[in-house]
Amino acid sequence: MIGIADYGMGNLFSVSKALERLNVPYFISDDREKLLEADGLILPGVGAFKDAMNLLESTHLKETILTFAESGKPLLGICLGMQLLFEKSEENGRTPGLGLLPGEVIHIPKRDNEGNEYKVPHMGWNQLSFKKESHLLEGLTEGYVYFVHSYYVRGSEEVLTATADYAGVEIPAVVSKDNIYGMQFHPEKSGQLGMQLLENFTRRVKESEAVS
C-alpha cells in the first residue's frame, strides 16, 4: 500500500484521486509509524519551500521521510515535494532541504541569454525530453505534461531523467536515483502520460514489495 505524507502543504485530493483511478490502495497520514509501514511513499507539495520544510520539521515528518528513504522502498516527490528532496533552496532565503538528491532550487529566470522575456511561474503544458533510463519511463514515449512552478533545480545532472526547456534553461522534470524519484510537474493533471508515469511508480512499489 502507498502512503501519502500529510504535512499540511500537499495536493492530497488530486493525488489520492489519481491513485483511485489506477485502482491502487493508499492512505493519507501524518503518523510516523504508519507511514514507515507503507510499501511506497508519496511526498506531495504546493507552496513555498521554506514553509514546507518548517512544517516537516514541526511535525517530525522530516525524520520519517529520511528513514523511509534509507529503507530502500520507493519514494516519490511531486511538484514542491520533488524540490524538497534536494539539498537547499534560495526561495525566501537559503533553506536546507532533505538532502536526498544533489542540487539547489533556484528561481526560473524571466529572461533568457538573448533577452527574450518569459512568464514566471512556468505554467501550462511543456514537452518532456527523456535523458536516461528509469523505472518511471518504462514503456513511455516523450510527450507533454502540465507544470506550475516558479523555481527549478540546478546542479542535478547526475539524477536527470527527463527535462523540459523553458526560459533558456533545462528544467529537471523527472529525477531518479536508486529508490528516490521526483516529478516537477503534476502527473495527476498531465493527461495520459502523467497517469502512465504515476502508474509506473506504483508498479515499482509492487515490484519492491515482492522482493522484500
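Throughout this description, residue numbers start from 1 for each chain and increase along the sequence as written. Given that this is a predicted model, residues contribute local features only at a pLDDT of at least 70 and side-chain atom pairs are listed and counted only at 80 or more, while totals for whole chains, interfaces and linings are drawn from all residues. Note that the side-chain values use all heavy atoms of the structure and ignore hydrogens as well as water.

1. Here we look at the overall build of the protein chain
Then comes step 1: Helix numbers and strand numbers start at the N terminus; a helix is a DSSP run of H or I with at least 4 residues, a strand a run of E with at least 2. Counting its secondary structure elements, the protein chain contains six helices and 14 strands.
Then comes step 2: Just to be clear, the radius of gyration here is over C-alpha atoms, and the globule rule we use is 2.2 Å times residues to the power 0.38. A compact globule built from 212 residues would reach a C-alpha radius of gyration of about 17 Å, and the protein chain, at 16 Å, matches this within 12%.
Then comes step 3: Its C-alpha atoms put the protein chain at 50 × 40 × 30 Å along the principal axes.
Then comes step 4: A burial count over the protein chain gives 55% of its 212 residues as buried.
Then comes step 5: Sequence-distant contacts, at least 24 apart, represent 68% of the contacts inside the protein chain between residues at least 6 apart.
Then comes step 6: Where accessible areas are quoted, they stem from the Shrake-Rupley method and a 1.4 Å probe; at the residue level, only the protein chains shown are allowed to cover. Surface accessibility of the protein chain: about 9500 Å² in total, with carbon and sulfur atoms responsible for 46%.
Then comes step 7: Residues counted as positive are Lys and Arg, residues counted as negative are Asp and Glu, and His and the chain ends are not counted. In plain terms, the charge of a residue is placed at NZ if it is Lys, CZ if Arg, CG if Asp and CD if Glu. Between the averaged position of the 20 positive side-chain charges in the protein chain and that of its 30 negative side-chain charges there is a distance of 3 Å. Type-normalised accessible area, obtained with a 1.4 Å probe on protein chains alone, sets the label of each residue: buried when under 20%, exposed when over 50%, and partly exposed for intermediate values. Residues count as neighbours in contact if any of their non-hydrogen atoms are within 4.5 Å of one another.

2. Concerning the sheet that holds strand 6 (residues 95–96)
Then comes step 1: DSSP-based pairing: two strands are paired if at least 2 bridges between them are found. A sheet is described by the order of its strands in space; here four strands give the open sequence 6-5-7-11, paired in mixed fashion. Of all the strands in the sheet, the pair left with one neighbour each is strand 6 and strand 11 (151–154).
Then comes step 2: Here strand 5 (residues 88–89) runs beside strand 7 (residues 104–107); their pairing, made up of two bridges, is parallel. Considered in strand 7, the bridge of Ser 89 is made with Val 105.

3. Comments concerning the sheet that holds strand 12 (residues 160–166)
Then comes step 1: In spatial order, the strands read 2-1-3-4-14-13-12-9; together these eight strands make up an open sheet with mixed pairing. Both outer strands of the open sheet, strand 2 (26–29) and strand 9 (129–130), are each paired with one neighbouring strand and no more.
Then comes step 2: Of the pairings in the sheet, the one linking strand 3 (residues 40–43) to strand 4 (residues 75–78) comprises three bridges and is parallel in character. Bridge assignment links Ile 42 to a residue of strand 4, and that residue is Leu 76.
Then comes step 3: Helix axes are fitted to C-alpha atoms over the stretch in contact, other axes to C-alpha atoms as well, and angles between N-to-C directions run from 0 to 180 degrees. Contacting strand 1 (2–5), strand 2, strand 3 and strand 4, helix 1 (residues 12–21) crosses the sheet at an angle of about 170° to strand 1.
Then comes step 4: Sheet strands in contact with helix 4 (residues 61–70) are strand 3, strand 4 and strand 14 (180–183), and its direction is about 140° off that of strand 3.

4. Structural notes on the environment of Pro 109
Then comes step 1: Residue placement: Pro 109 occurs in the loop between strand 7 and strand 8 (122–127).
Then comes step 2: Sequence separation of Pro 109 and Pro 121 is twelve residues, and the distance between their C-alpha atoms is 9.8 Å.
Then comes step 3: If we ignore the near neighbours within four places in the chain, the residues touching Pro 109 are Tyr 118, Val 120, Tyr 152, Ala 167 and Val 169.

5. With respect to helix 3 (residues 49–58)
Then comes step 1: Those residues of helix 3 that sit buried are Phe 49, Ala 52, Met 53 and Leu 56. Taken end-on, helix 3 shows its buried residues confined to a sector of 95°, consistent with a single buried face.
Then comes step 2: Those residues of helix 3 that are buried are in contact with helix 4, helix 5 (80–84), strand 5, strand 6 and strand 7.
Then comes step 3: Downstream of helix 3 by a residue or two, His 60 has a phi angle that is positive, lying close to 65°. This arc describes the spread of directions from the helix axis toward the C-beta atoms.

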